[in-house]
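# Reading the structure
Next come the chains, spelled out residue by residue.
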Amino acid sequence: MEGKPKSDDLMVFVKKFADLNALTVEEDLGHGYVRLRVTEAERRQALQDIRNVEDVVKELVRNARDAGATHIYVAFQKEKGRWRNVSVLDDGQGIPAELHRRIFEARVTSKVRDLVEDHLGIHGRGMALYSIKQVVEQVRLVNSEVGKGTVIQARIDTHRLPEKKDQSTFPRVERGEEGTLVISGGPRNVPRILTEFVLNSGKTEIFFGSNAEILSTLYHHSSDMRKSWASGRQKDRHPLWFELGGIREGRALQQFSVEKLGLAVSERNAFRVLEYEIPPLISINELLSRFENEPSAKRADLHRSPKMNWGDQLARRISPQDLKLLGRRLSEVFQDIGNRYWLAAESPVIKRRKDRLIISMRLHEKEDD
Ligand SMILES: Nc1ncnc2c1ncn2[C@@H]1O[C@H](COP(=O)(O)OP(=O)(O)OP(=O)(O)O)[C@@H](O)[C@H]1O
Ligand SMILES: [Mg+2]
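Since this is a predicted model, take the numbers as computed values, not measurements.

### Side note on the overall build of the protein chain
In terms of regular secondary structure, the protein chain is built from 10 helices and 16 strands. Residues classed as buried in the protein chain amount to 31% of the 369 residues present. Taking the contacts inside the protein chain whose residues are at least 6 apart along the sequence as the reference set, 59% of them involve residues at least 24 apart.

In structure tokens:
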């Protein structure tokens, strides 16, 4: 038994060494991008890696996550029972204009210095987009700007590249031994791929829906962002959909959606977004926190009101983020009031109970400062 770890170590060493050789740079493309030199065997291996629609989504979302996105929106829509349209939108670091075409070429990557390791393994060979391009009907960069994010769209013929039949059921999740959520079953479909990302890259919020649902979600996120921007509270960078919330007219919304965001929607649906008839989605992150230890969630559970199925659990509609916001505002408001009575309050504790919010604020004598 003593000798075994040593030979394993050696294998690890040899593998690393082999990888390093395979990954030598062939051409420097500027902006931190390179074209790698790679053996034919590895090229073929990578081509085999995209076997189904789930793999396409996995690689597109992985790229968005690697680009440091905090929000990823996956529009997933079937056409005539055969064509699967996928658009992945992110607010990550974006791609310099000179490289917009090149990213679909083999071995072009910006990840040469730091190969990335995630729950799916090591990657960064510059092969995923190239491989996707070989097996789908069309894949294109719809829009990308440095510092604002990226939109990539793929159109897949499911007769060539299959997908799981059930794309509606989310996997079952439960608390693992260390208190973290783990998947305990369910089909290996796109909802599961996305759930795995949520569970493994906690900071990123992932949204999943039809083109119109994603448009509505982006529209409302943009409106919120513009409000905080106008009040000077938020000075973050603008994502590609920052302009969206300022649009008041159906046709203009439809045009922006198709041209800038790669989301084909009818003018009617664009209008319904403006009228709040198509409400924004909740993120998969939020869905998971609601469905722990319950039977699997369905895609429809991502809908915010009016399709609420919690009966009188009105308070549960309010997201944890909004509860935090409420708490912060209460603390702010109380400061002045407390001063008048020589009182200070701890951060409010807000609980959701059926049709009410229960708020408690512990008070103290204000100390001299
Ligand atoms: N959403 C995105 N945001 C920013 N850059 C991106 C995005 N998608 C792709 N890129 C850029 O395109 C390059 C090529 O992507 P591709 O997925 O083909 O290869 P990779 O991610 O480098 O390696 P792998 O083949 O292991 O996925 C990436 O290295 C990255 O620089
Ligand atoms: Mg990639």
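### As for the site of ligand 1
Neighbouring ligand 1 are 23 residues, the closest being Asn63, Thr109, Ser110, His123 and Ala128. Going through the elements one at a time, helix H3 (53-66), strand S5 (108-109) and helix H4 (128-135) are the ones with two or more residues in the shell around ligand 1.

### So, the sheet that holds strand S2 (residues 33-36)
Strand order in the open sheet made by the 3 strands is S1-S2-S5, with antiparallel pairing throughout. Looking at the sheet topology across the chains shown, the edges are occupied by strand S1 (25-30) and S5. Direction of pairing for S2 relative to S5: antiparallel, over a ladder of 2 bridges. Note on S5: the bridge partner recorded for arginine 35 is valine 108.

### Side note on the packing of H3 against helix H5 (residues 190-200)
Where H3 meets H5, the axes come as close as 9 Å, and the angle between the chain directions of the two elements is 25 degrees. If you check the angle between H3 and H5, you find them roughly parallel. Of the two elements, H3 crosses H5, and the hand of that crossing is right-handed. Where H3 approaches H5, its residues Val53, Glu54, Val57, Lys58, Val61 and Arg65 are matched on the opposing element by Val190, Ile193, Leu194 and Phe197. Partitioned by chemical class, the residues of the contact of H3 with H5 number 7 nonpolar, no polar and 3 charged.

### Some words on the nonpolar core
Counting 65 residues, the largest nonpolar core has Val74, Val86 and Leu194 as its most contacted members. Take this core: its biggest share by element is 6 residues, from H3. Excluding its chain neighbours within four sequence positions, the residues that come into contact with valine 86 are Val56, Val57, Leu60, Val74, Ala75, Phe76, Ala154 and Ile156.

### Quick word on the pairing of S1
When you tally the buried positions in S1, you get 0 out of 6 residues, a small fraction of the element. Sheet topology note: the S1/S2 ladder contains 4 bridges and is antiparallel. The residue bridging glutamate 27 from the neighbouring strand is arginine 35, located in S2. Between S1 and S2, which pair antiparallel in sequence order, lie 2 residues; one of them, histidine 31, sits at a positive phi of approximately 55 degrees.

Rules and cut-offs
- Residues numbered from 1 in each chain as written.
- Chains lettered and ligands numbered in written order.
- Predicted model: local features only at pLDDT ≥ 70, side-chain atom pairs only at ≥ 80, totals over all residues.
- Helix = DSSP H or I, 4+ residues; strand = E, 2+ residues; numbered from the N terminus.
- Buried ≥ 20, exposed ≤ 12 C-beta atoms within 10 Å, placed from the backbone.
- Contact = placed C-beta atoms within 7 Å.
- Near = placed C-beta within 6 Å.
- Pairing = 2+ DSSP bridges.
- Axes fitted to C-alpha atoms, helices over the stretch in contact; angles between N-to-C directions.
- Parallel < 35°, antiparallel > 145°, perpendicular 65-115°, else oblique.
- Left-handed = near helix turned anticlockwise from the far one by under 90°.
- Nonpolar A, V, L, I, M, F, W, Y, C, P; charged D, E, K, R; others polar.
- Core = buried A, V, L, I, M, F, W, Y, C linked by C-beta atoms within 7 Å.

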